[in-house]
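Fold and contact review
Okay, here's what each chain looks like letter by letter:
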Amino acid sequence: MSFFSYLPNVYVGEGIKDDEDFKYRLVKNIFRRAKTRADLDQYVTLLEAYEVGEDESPANVALAFFNDPFLDWMILMVNNITDVYEQWPKNINDLQEYTRKKYTNPDSIHHYETVKAEYNGDVFLEQGIQVNDTWRTVLPDGTTLGETQSIYPVTNYEYEDYLNEQKRIIKLPTPPVIELILAEFEDVIAYEPHSELDQLGNKKSVLNMSSRFLNTAGISAASKSREEGIGYVTSYDNGPGSQTIQAGTAQATTETVQVITSVTPDSGTTNTTVAGAGTATQAGTQASEENTTSSSSSSSSSGSSSSGSSSSGSSSSGSSGSSGSSGSSGSSGSSGGGGYYGGGY
């Protein structure tokens, strides 16, 4: 099986217009990654050393040793290769092209390295130690060697060729390790149990409703000053159900209390309870006045029919009067502040 067939799925949001429902697309979660144990190298019987040949790709190696080119991902994972273009050895043509693009002059000097020095038949200084161009080797008897006996230059191409040759030595898992990895990989790469997983194990993070109200700069569209002369804007301060208002009109907001008047049919008594706090806009609209009047008349008629006396009627009317004097709190708080966020709930 190919590497991507093991990866779990995830739903990602697609671009939509303001008047569209959210859309999701099911894709592979390429950000999931597993790696082999760090101490695997110490078990010499589990891995084999291999030198990658010229023009040999991971798929070629997998086909030659595992009889399956689709197991190339296992070779890369065991060798901790995450970028095959940079970490896999290049052929000579690609290396020359890479060096020409990286350096202005591939044949210029990259650095200097030491020349092996011996003293009385023993190695005094190893070859290949990177030094500066002023280095001169001094032997134990005080003899200072010349430039050519102390250092030699390494060009840019020679340096890149050395790094490329180092990449040719890789590790190959033995057949028992391959079977073990295949048996455990799918469970390791899968999601942990989570509330965002569906019955098929696909992950879906529901998009936030507030993202509709954010522009590209991440600022709420409703946060513009209403004193600006920009015509009409939509206010979201009290939820999606808010009305379109004119930007230049002065608006005042007050904290109000929703009052509900109820009558007990048996005793004829009137109870007034506070249902919750809400924020209502005092714009002096016709709808608020009509809602307040409707609430008062409804409570009065209910009180009159239940008690049949003028005292109960006046008590009910008085309670309704308190509801009306709250500044369109009862009806305006429940209808204007409703929806998803409005009101006191």
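A quick note: this is a predicted structure, and the numbers were derived from the prediction, not measured. (Residues numbered from 1 in each chain as written. Predicted model: local features only at pLDDT ≥ 70, side-chain atom pairs only at ≥ 80, totals over all residues. Heavy atoms only, no water.)

Helix and strand counts for the chain stand at ten helices and 14 strands. Looking at the 345 residues of the chain, the share that counts as buried comes to 28%. Carbon and sulfur atoms provide 51% of the accessible area of the chain, an area that totals close to 21,900 Å². (Helix = DSSP H or I, 4+ residues; strand = E, 2+ residues; numbered from the N terminus. Buried < 20%, exposed > 50% of the residue type's maximum accessible area, 1.4 Å probe, protein only. Areas by Shrake-Rupley, 256 points an atom, 1.4 Å probe, with all protein chains shown as cover.)

Bringing the sheet that holds strand E8 (residues 151–155) into the picture now. The antiparallel open sheet is built from three strands, whose spatial order is E7-E4-E8. A strand with exactly one partner marks an edge of an open sheet, and here the two such strands are strand E7 (130–131) and E8. By the bridge criterion, five bridges tie strand E4 (residues 109–114) to E8 in an arrangement that is antiparallel. Within the sheet, the bridge partner assigned to threonine 114 lies in E8 and is isoleucine 151. Taken strand by strand, helix H6 (residues 156–166) contacts E4 and E8, and its axis lies near 80 degrees from that of E8. (Pairing = 2+ DSSP bridges. Contact = heavy atoms within 4.5 Å. Axes fitted to C-alpha atoms, helices over the stretch in contact; angles between N-to-C directions.)

As a further point, take the nonpolar core. Counting residues in each nonpolar core, the largest one holds 26 residues, and the members touching the most others are Trp73, Ile75, Trp88, Ile181 and Phe185. Of all the secondary-structure elements, those providing two or more residues to this core are strand E3 (47–51), helix H1 (58–66), helix H2 (72–78), strand E9 (169–173) and helix H7 (175–189). If you tally residues by element for this core, the top one is H2, at six residues. Sequence-distant contacts of isoleucine 181, that is, excluding residues within four places in its chain, are made with Trp73, Met74, Met77 and Val78. (Core = buried A, V, L, I, M, F, W, Y, C linked by side-chain atoms within 4.5 Å.)

Look at helix H4 (residues 92–102) against H6: their axes get within 10 Å of each other, and the N-to-C directions meet at 130 degrees. Classified by the angle between their axes, H4 and H6 sit oblique to one another. Crossing of H4 over H6 shows right-handed handedness. Facing H4, whose interface residues are Ile92, Leu95, Gln96, Tyr98, Thr99 and Lys102, H6 presents Asn156, Tyr157, Glu160, Asp161 and Asn164. In the contact of H4 with H6, the residues fall into four nonpolar, four polar and three charged. (Parallel < 35°, antiparallel > 145°, perpendicular 65-115°, else oblique. Left-handed = near helix turned anticlockwise from the far one by under 90°. Nonpolar A, V, L, I, M, F, W, Y, C, P; charged D, E, K, R; others polar.)

This next bit is on the pairing of strand E1 (residues 9–13). Judged from the five bridges that link them, E1 and strand E2 (residues 24–28) form a sheet pairing that is antiparallel. The residue bridging tyrosine 11 from the neighbouring strand is leucine 26, located in E2. Pairing geometry for E1 and strand E10 (residues 203–204), over two bridges, is parallel. Bridge assignment links valine 10 to a residue of E10, and that residue is lysine 203.

Now for the sheet that holds E10. Overall, mixed pairing links the three strands, which are arranged E2-E1-E10 in an open sheet. At either margin of the open sheet sits one strand with a lone partner, and together these are E2 and E10.

Under the counting rule described, the total for this entry stands at seven aromatic pairs. A ring pair is formed by tyrosine 6 and tryptophan 73, whose centres lie 5.6 Å apart and whose planes are at 55 degrees; its orientation type is tilted. Separated by 67 residues along the polypeptide, tyrosine 6 in the segment before E1 and tryptophan 73 in helix H2 bring together distant segments of the chain. In this structure tyrosine 6 comes out as buried when scored by relative accessible area, which is 9%. You can call tryptophan 73 buried: its relative accessible area is 6%. On the basis of an interplanar angle of 40 degrees and a centroid distance of 4.7 Å, the ring pair of tryptophan 73 and phenylalanine 185 is categorised as tilted. Linking tryptophan 73 in helix H2 with phenylalanine 185 in helix H7, this pair joins segments that are 112 residues apart in sequence. For phenylalanine 185, a relative accessible area of 4% translates into the label buried. Taken together, the ring pairs connect Phe3, Phe4, Tyr6, Trp73 and Phe185 into an aromatic cluster. Above the ring of tyrosine 11, the side-chain terminus of lysine 204 is found at 5.6 Å from the ring centroid. (Phe/Tyr/Trp six-rings, centres within 6.5 Å; stacked < 30°, edge-to-face > 60°. Lys NZ or Arg CZ within 6 Å of the ring centre and 35° of its normal.)

Note on placement: leucine 71 falls in the loop between H1 and H2. Taking the C-alpha atoms as reference points, leucine 71 and proline 58, 13 residues apart in sequence, are found 8.6 Å from one another. Contact partners of leucine 71, with chain neighbours within four places excluded, come to Ala62, Phe66, Ile178 and Leu182.

Because each turn of an α-helix spans 3.6 residues, side chains separated by three or four positions in sequence point in the same direction. Taking 1.5 Å as the rise per residue, H7 with 15 residues should run 21 Å; its terminal C-alpha atoms sit 21 Å apart, in good agreement. Along H7, the sharpest change in direction is near 30 degrees and occurs at alanine 183. Packing partners of the buried residues in H7 comprise H1, H2 and E9. (Expected span 1.5 Å × (residues − 1). Bend = angle between axes of the 7 residues up to and from the residue.)

Attention shifts here to the pattern of salt bridges. Inspection of every chain in the model, using the stated rule, returns eight salt bridges. With a shortest N-O distance of 3.0 Å, glutamate 54 and arginine 168 are connected by a salt bridge. With glutamate 54 in the loop between E3 and H1 and arginine 168 in the loop between H6 and E9, the pair connects residues that are 114 residues apart, well separated along the chain. When the shortest N-O distance is used, the salt bridge between glutamate 165 and arginine 168 registers 3.2 Å. The exposure class of glutamate 165 is partly exposed, given its relative accessible area of 34%. By relative accessible area, which is 7% here, arginine 168 ends up buried. (Salt bridge = Lys/Arg side-chain N within 4 Å of Asp/Glu carboxyl O.)

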